[in-house]
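Chains, contacts and geometry: an overview
Listed below, chain by chain, are the residues.
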Amino acid sequence: MNAITADMVQTLAQKDIQIPSDIPHGDMPGDKIEIGDSHIAKAKTIFPKLLEELSKVTASNPYGRAVITVCGGSGVGKSEIASLLSYMLEQSGIGSYTMSGDNYPHRIPMYNDAERLHTFRQCGIRGMVDGGAMNAENYKIVKGFQEQNDDANAEHVKEYPWFDSYLSAGKKGLDAYLGTPNETDFAEVDSILAAFKSGADKLWLKRMGRDETTLWYDEVDMTNKQVLIIEWTHGNTDCMKEVDIPILLNSTPQETLEHRRSRARDGKVDSPFTMMVLELEQNKLVAQAHKAKIIVSKQGEIISYDDFKKLMGI
């Protein structure tokens, strides 16, 4: 396959690509993707800049191939934007396939959620020991918080200052699990990306459902694919070396919280533990943001890394 040239970039960037109501969604598991006008507007803003970046990368790859990741926090539209960009590339004559990093944790979602909570609690209890706070009375209080699924709630420190030893150690242990090789098989993903960039005609891609009987691999034809897009919270991680163009869809913690509240079907707010997970994932996204080739604000504007830092208050 040929590299994407500067002339192609100029021509394709001016092309008005019409988006139908139903487009392919790659191998993304989970909820149905619902593409709205804001997603389309954002994708069309990203597309010209993406073409420019692709022209640089494909020129240096002997097979004219490139790997893109679309990353960001909860509810920012990763699946929708990745699907739209892939469709727009296809309509421009640039073969593209979208895969989801959510297929590559070591455990199915139910077990991974349990492992996250177990890691937090195990490290928290150990933190009480190390901090000199472990005794029968304090353990009884912590156990009560655990039974109420409220043991990640920092408000308890106001009443029980010793509880900070549990909370801090648990959070630190959880941080060492989330988005790391302990949780996810980044080595397998990176090997897939390397094979793609080395001209592989076919790739075996993992499919992970919600239970142990829905775990398998599909052999996917990559013969006419020039771009591989990964949609994934952790798409900009240092654990992968084969990503060429990370795209960060940014949202501030306040924007993420507002989004999650607005979509809560039963009116319930997220648990303190879920909020802790989101906070830690956000911290990782911020720490990795300097590597992103394209950063897009929640409002759909392409911003510089300096603008990103101002927006995030860092």
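What comes next concerns the included structure. Everything numeric in this text was worked out from a predicted model, so none of it was measured.

**A few points about the overall build of the protein**
When you go through the protein residue by residue, the secondary structure sums to 11 helices and eight strands. Scaling as 2.2 N^0.38, a compact globule of 314 residues should have a C-alpha radius of gyration of about 20 Å, and the protein matches this with 21 Å. Over its C-alpha atoms, taken along the principal directions, the protein stretches across nearly 70 × 40 × 35 Å. Considering the protein as a whole, with its 314 residues, one finds that 51% of them fall into the buried category. Sequence-distant contacts in the protein: of pairs separated by 6 or more residues, those separated by 24 or more amount to 77%. When the accessible surface of the protein is summed, it comes to about 15600 Å², and 48% of that surface belongs to carbon and sulfur atoms. When the 35 positive and 46 negative side-chain charges of the protein are each reduced to one mean point, those points stand 2 Å apart.

**Observations concerning the environment of Gly300**
Along the chain, the position of Gly300 falls in the loop between β7 (294-296) and β8 (302-303). Its relative accessible area of 14% is what places Gly300 among the buried residues. Along the backbone, Gly300 and Ala43 are 257 residues apart, and their C-alpha atoms lie at a distance of 8.5 Å. With near-sequence residues (within four places) excluded, Gly300 lies in contact with Lys42 and Thr45.

**Details of a nonpolar patch on the surface**
Where nonpolar side chains cluster on the molecular surface, the patch consists of Val129, Met134 and Tyr139 and spans about 240 Å² of accessible area. A relative accessible area of 34% places Met134 in the partly exposed class.

**Topic: the nonpolar core**
By size, the foremost hydrophobic cluster in this structure holds 32 residues, and its most contacted members are Ile46, Leu50, Leu54, Leu85 and Ile247. Those elements giving two or more residues to this core turn out to be α1 (6-13), α2 (37-60), β1 (66-72), α3 (78-91), β5 (227-231), β6 (245-249) and β7. Membership of the second largest hydrophobic core comes to 19 residues, among which are Val67, Phe186, Leu228 and Val243.

**Side note on the side chain of His234**
Looking at the element boundaries, His234 is found in the loop between β5 and β6. For His234, the contacting residues outside a window of four places in its chain are Gly179, Glu183, Phe186, Met240 and Glu281.

**What about empty space enclosed by the protein?**
Space left empty within the atom packing is revealed by a probe, the size of a water molecule, rolled over the atoms. Applying the stated criterion across every chain, the model contains one cavity of 30 Å³ or more. Residue lining of the largest cavity: Gly73, Leu248, Asn250, Ser251, Gln282, Leu285, Val286 and Phe308, and that is the complete set. Sorting elements by how many residues they give to the lining of the largest cavity places helix α10 (residues 272-288) first, with three residues. Among the residues making up the lining of the largest cavity, the classes are represented as four nonpolar, four polar and no charged.

**Regarding the pairing of β5**
Counting buried residues along β5, five of its five residues qualify, which places the element largely inside the surrounding structure. Two elements, strand β2 (residues 96-100) and β5, share five bridges in a ladder whose sense is parallel. Directly across from Ser100, in β5, lies its bridge partner Glu231.

**Some details on the packing of α1 against α2**
Contact pair α1 / α2: the axes reach a minimum separation of 9 Å and the direction vectors enclose 170°. Taken as axis vectors, α1 and α2 run roughly antiparallel relative to one another. Taking contact as the criterion, the partners of Val9, Leu12 and Ala13 in α1 are, on α2, Phe47, Pro48, Leu51, Glu52 and Ser55. Here the contact of α1 with α2 is composed, by residue class, of six nonpolar, one polar and one charged.

**A short note on the sheet that holds β7**
Ordered in space as β2-β5-β1-β6-β7-β8, the six strands form an open sheet in which the pairing is mixed. The sheet terminates laterally at β2 and β8, the two strands that pair on one side only. Relative to β8, β7 runs antiparallel, the two sharing two bridges. Among the inter-strand pairings, Ile295 is bridged to a residue of β8, identified as Ile303. Each of β1, β2 and β5 touches helix α8 (residues 186-197); the most contacted strand, β5, lies at about 160° to it.

**Structural notes on the side chain of Thr58**
For Thr58, the position within the fold is in helix α2. A polar contact of 3.0 Å, which involves the side chain of Thr58, links it to the backbone nitrogen of Ile4. The contacts of Thr58, once residues within four sequence positions are left out, are Ala3, Ile4, Gly64, Arg65, Ala66 and Gln226.

**A short note on the pattern of salt bridges**
Considering all chains together, one arrives at 17 salt bridges under this definition. Put simply, Glu53 and Lys56 hold a salt bridge, and the shortest N to O gap is 3.5 Å. In this pair, Glu53 and Lys56 both sit in helix α2, three residues apart, roughly one turn of the helix. Owing to a relative accessible area of 8%, Glu53 belongs among the buried residues under this scheme. The shortest N-O distance in the salt bridge between Asp306 and Lys309 comes to 3.7 Å. Here Asp306 and its partner Lys309 are both found in helix α11 (residues 305-312), three residues apart, which amounts to about one turn of the helix. Ionic contacts of the salt-bridge type, sharing partners, join the residues Lys49, Glu53 and Lys56 into one network.

Procedures and definitions
Residues numbered from 1 in each chain as written. Predicted model: local features only at pLDDT ≥ 70, side-chain atom pairs only at ≥ 80, totals over all residues. Heavy atoms only, no water. Helix = DSSP H or I, 4+ residues; strand = E, 2+ residues; numbered from the N terminus. Rg over C-alpha atoms; globule rule 2.2 N^0.38 Å. Buried < 20%, exposed > 50% of the residue type's maximum accessible area, 1.4 Å probe, protein only. Contact = heavy atoms within 4.5 Å. Areas by Shrake-Rupley, 256 points an atom, 1.4 Å probe, with all protein chains shown as cover. Lys, Arg positive; Asp, Glu negative; His and termini not counted. Charge placed at Lys NZ, Arg CZ, Asp CG, Glu CD. Patch = residues over 30% accessible without salt bridge, like charges linked within 9 Å, V, L, I, M, F, W, Y side chains within 5 Å. Salt bridge = Lys/Arg side-chain N within 4 Å of Asp/Glu carboxyl O. Core = buried A, V, L, I, M, F, W, Y, C linked by side-chain atoms within 4.5 Å. 1 Å grid on protein atoms, 1.4 Å probe; cavity = no way out; pocket = protein on both sides within 12 Å on 5 of 7 lines; lining within 4 Å. Points joined across faces, edges and corners; volume = space filled by probe spheres on them. Nonpolar A, V, L, I, M, F, W, Y, C, P; charged D, E, K, R; others polar. Pairing = 2+ DSSP bridges. Axes fitted to C-alpha atoms, helices over the stretch in contact; angles between N-to-C directions. Parallel < 35°, antiparallel > 145°, perpendicular 65-115°, else oblique. Polar contact = N/O pair within 3.5 Å; in protein donor to acceptor, adjacent residues only side chain to side chain.

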